[in-house]
Amino acid sequence: MRDYKKFTVWEKSHNLTLQIYNATIKYPKEEIFGLISQMKRSSSSIPTNIAEGCGRNSDKDFCRFLYFAYGSANELEYQLLLSIDLKFIENEEGQKLLFQNEEIKKMLNGLITKLHADS
């Protein structure tokens with residue numbers, strides 16, 4: 001079993017989730033059950049899946065949960081792009097969040113690649 005808190009990608013994705021929660025406070029109230037809810041769910045799903053994968057007994061299972069986390073990061077990317085286009089979030093703030101999300105995706109991809117190489 002692995003300690004998910006020791007993974008930099010988990011820490012970065014946890015911090016991104018906190019930032020998403022803060023950013024969506026400014027969104028229109030009518031989006032509370034729409035885009036806000038989706039963004040909170042997809043962002044929190046990234047560190048959640050990393051944590052769940054760390055609790056599994058094999059690299060294969062861990063890798064499967066990393067793929068789920070990667071999928072959630074892709075969802076969040078689109079939701080951020082949509083938020084920028086709808087002007088729910090300032091372009092500069094949105095670009096910073098997109099950059100962090102892209103960094104997380106690269107880290108997940110690197111970890112997935114390493115797990116495949118080790119097996």
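Residues numbered from 1 in each chain as written. Predicted model: local features only at pLDDT ≥ 70, side-chain atom pairs only at ≥ 80, totals over all residues. Heavy atoms only, no water.

**What to know about helix H4 (residues 91-118)**
Line of reasoning, step 1. Its 28 residues place the ends of H4 40 Å apart at the C-alpha level, agreeing with the 40 Å of an ideal helix rising 1.5 Å per residue.
Line of reasoning, step 2. In the core, the buried residues of H4 are packed alongside helix H1 (8-23), helix H2 (35-54) and helix H3 (59-85). (Helix = DSSP H or I, 4+ residues; strand = E, 2+ residues; numbered from the N terminus. Expected span 1.5 Å × (residues − 1). Contact = heavy atoms within 4.5 Å.)

**Concerning the side chain of Ser 45**
Line of reasoning, step 1. As for its placement among the helices and strands, Ser 45 is situated in helix H2.
Line of reasoning, step 2. Side-chain polar atoms of Ser 45 contact the side chain of Ser 72, separated by 2.9 Å. (Polar contact = N/O pair within 3.5 Å; in protein donor to acceptor, adjacent residues only side chain to side chain.)

**Some details on the pattern of salt bridges**
Line of reasoning, step 1. On inspection of all chains with the given rule, the structure shows 10 salt bridges.
Line of reasoning, step 2. Of the charged contacts, one joins Arg 56 and Glu 52 as a salt bridge, the two residues approaching to 2.8 Å between their closest N and O atoms.
Line of reasoning, step 3. Taking the relative accessible area as the measure of exposure, Arg 56 reaches 29% and is therefore partly exposed.
Line of reasoning, step 4. A salt bridge links Lys 114 to Asp 118; its shortest N-O distance comes to 2.8 Å. You can see Lys 114 and its partner Asp 118 sitting in helix H4, four residues apart, about one turn around the helix.
Line of reasoning, step 5. Residue Lys 114 is classed as partly exposed on the basis of its relative accessible area, which comes to 48%.
Line of reasoning, step 6. Taken together, the shared-partner salt bridges in this structure form one network comprising Glu 77, Glu 102 and Lys 105. (Salt bridge = Lys/Arg side-chain N within 4 Å of Asp/Glu carboxyl O. Buried < 20%, exposed > 50% of the residue type's maximum accessible area, 1.4 Å probe, protein only.)

**Things to note about the packing of H1 against H4**
Line of reasoning, step 1. Contact geometry for H1 and H4: axes closest at 10 Å, N-to-C directions at 155°. What the angle tells us is that H1 and H4 run roughly antiparallel. Like other packed secondary-structure pairs, H1 and H4 cross with a definite hand, here left-handed. Contacts between H1 and H4 pair Thr 8, Val 9, Lys 12, Ser 13, Leu 16, Gln 19, Ile 20 and Ala 23 from the former with Glu 93, Leu 97, Gln 100, Asn 101, Glu 103, Ile 104, Met 107, Leu 108 and Leu 111 from the latter. (Axes fitted to C-alpha atoms, helices over the stretch in contact; angles between N-to-C directions. Parallel < 35°, antiparallel > 145°, perpendicular 65-115°, else oblique. Left-handed = near helix turned anticlockwise from the far one by under 90°.)

**Thoughts on the side chain of Ser 13**
Line of reasoning, step 1. Along the chain, Ser 13 falls in helix H1.
Line of reasoning, step 2. Judged by relative accessible area, which is 1%, Ser 13 ranks as buried.
Line of reasoning, step 3. Once you skip the residues sitting within four places of it in the chain, Ser 13 turns out to touch Ile 46, Pro 47, Ile 50 and Ile 104.

**Details of H3**
Line of reasoning, step 1. Here H3 spans 39 Å end to end across 27 residues, near enough to the 39 Å set by a 1.5 Å rise per residue.
Line of reasoning, step 2. Where H3 is concerned, the buried positions are Phe 62, Cys 63, Phe 65, Leu 66, Ala 69, Ser 72, Ala 73, Leu 76, Gln 79, Leu 80, Ser 83 and Ile 84.
Line of reasoning, step 3. Among the structural elements, H1, H2 and H4 are those in contact with the buried residues of H3.

**With respect to the environment of Glu 102**
Line of reasoning, step 1. Along the chain, Glu 102 turns up in helix H4.
Line of reasoning, step 2. Separated by 69 residues in sequence, Glu 102 and Phe 33 have C-alpha atoms that sit 26 Å apart.

**Regarding the packing of aromatic side chains**
Line of reasoning, step 1. Scanning the entire structure with this criterion turns up four aromatic pairs.
Line of reasoning, step 2. Seen from their ring centres, Tyr 27 and Phe 88 are 5.4 Å apart, and the 55° between their planes marks the pair as tilted. Taken together, the residues span a long stretch of sequence, with Tyr 27 in the loop between H1 and H2 and Phe 88 in the loop between H3 and H4 at a distance of 61 residues. Considered together, Tyr 27 and Phe 88 belong to a single accessibility category, that of buried residues.
Line of reasoning, step 3. For the pair Phe 65 and Phe 68, a centre-to-centre distance of 5.3 Å together with 85° between the ring planes defines the contact as edge-to-face. Residue Phe 65 and its partner Phe 68 are located together in helix H3, separated by three residues, close to a single helical turn.
Line of reasoning, step 4. Phe 65 sits in the buried class, given a relative accessible area of 5%. (Phe/Tyr/Trp six-rings, centres within 6.5 Å; stacked < 30°, edge-to-face > 60°.)

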